[in-house]
Amino acid sequence: MTQVLWQNLTAAELRDRAGRGAIVLLPVASTEQHGPHLATGVDDVLCSEVCRRAALKLAGQNAPVVVAPTIGIGLAEHHMAFGGSLTLTLPTYHALLRDLCGSILQAGFGRILIVNGHGGNMSALNALTVELTRELKAPIATTSYWLLADEAFAEILEDQQSVLHACEAETSMMMAVRPDLVDVAELPNALGPQASGAGSVLSPPLHRWRSFQEFAPTGVIGDARRSSADKGERLLEAASSALADQLALGKPWN
């Protein structure tokens with residue numbers, strides 16, 4: 001199988017990919033509570049898997065691509081009241097992204113896409129990519145993987161339209177890729193308030209910061225009770241295909 005993970009390639013192989021104009025996917029996620037039934041590393045696992053699958057699809061089309069090591073800790077202050085979560089401050093996150101993107105550029109790569117797997121990172125990444133582009137003089141881009149596949153996700157899910165939190169979507173994808181990290185005995189308790197999408201929870205039109213615990217005491221947004229590995233596999237394929245398709249078209253740089 002074609003190797004796409006940065007940490008599994010030699011320096012010489014990475015220099016060769018850089019020389020061939022490879023895109024670098026930088027997955028960013030979070031380590032935080034995911035309800036009573038999921039491990040805290042959900043965002044890390046799922047974002048990493050979507051990037052890996054997308055990179056393999058591109059490699060199959062002879063498009064050079066590398067997946068950098070995932071940043072598994074992000075902006076998760078809104079989850080800290082539950083315990084078991086880790087968070088960074090915004091200045092630290094900015095500095096971490098600047099240093100890692102700078103290292104990737106110094107290694108000879110010219111195009112970096114930060115692929116986000118955590119709703120709480122979205123607003124910051126939209127602003128920080130402006131700063132990173134200015135500071136590093138390189139076209140740093142960002143996306144959140146589920147946004148590219150919104151329509152496909154809506155057709156697969158039964159109880160929601162898109163990814164929420166510890167929900168039908170995330171639980172199904174974890175069942176497909178890491179079933180050992182899903183406590184199925186807790187599924188009857190894995191439900192919380194519904195929402196039209198992650199943005200309606202984290203970025204409402206009239207916004208103030210609130211702890212996740214205030215509006216979702218179970219740690220869940222959505223309903224995970226009808227999750228399945230089959231749904232999860234279809235969701236992962238939809239997300240990775242949508243990402244690969246956009247990159248194959250030269251987006252977001254053309």
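The preceding data block contains the structure.
What counts, and at which threshold
- Residues numbered from 1 in each chain as written.
- Predicted model: local features only at pLDDT ≥ 70, side-chain atom pairs only at ≥ 80, totals over all residues.
- Heavy atoms only, no water.
- Phe/Tyr/Trp six-rings, centres within 6.5 Å; stacked < 30°, edge-to-face > 60°.
- Helix = DSSP H or I, 4+ residues; strand = E, 2+ residues; numbered from the N terminus.
- Buried < 20%, exposed > 50% of the residue type's maximum accessible area, 1.4 Å probe, protein only.
- Pairing = 2+ DSSP bridges.
- Axes fitted to C-alpha atoms, helices over the stretch in contact; angles between N-to-C directions.

**Student:** Help me understand the packing of aromatic side chains, please; the structure alone is not making it clear to me.
**Tutor:** In this structure the tally under the stated criterion is four aromatic pairs. Their ring planes at 45° and their centres at 5.4 Å tell us that Trp6 and Phe109 sit as a pair that is tilted. Here Phe109 lies in the loop between α3 (90-106) and β3 (111-116) and Trp6 lies in the segment before α1 (11-19), a separation of 103 residues in the sequence. For Phe109, a relative accessible area of 3% translates into the label buried. An aromatic cluster is built from Phe82, Phe212 and Phe215, whose rings are joined through pairwise contacts.

**Student:** Looking at this structure, I do not really get the pairing of strand β1 (residues 23-28). What am I missing?
**Tutor:** Look at any regular strand and the pattern is simple: side chains alternate between the two faces of the sheet. Taken across its six residues, β1 has six buried, putting it largely inside the fold. Judged by which residues are buried, β1 turns out to be covered on both faces: Ile23, Leu25 and Pro27 on one side and Val24, Leu26 and Val28 on the other are all buried. The sheet contact formed by β1 and strand β2 (residues 65-67) spans three bridges and is parallel. Within β2, the residue paired with Ile23 across the bridge is Val65.

**Student:** Looking at this structure, how should I read the sheet that holds β3?
**Tutor:** The pairing of strands in a sheet happens through backbone hydrogen bonds and is either parallel or antiparallel. Here we have four strands laid out as an open sheet, ordered β2-β1-β3-β4, and parallel in their pairing. Since the sheet does not close on itself, it has two edges, and those belong to β2 and β4 (141-144), each with one partner. Put simply, the sheet's adjacent strands are angled 25° from each other on average, direction ignored.

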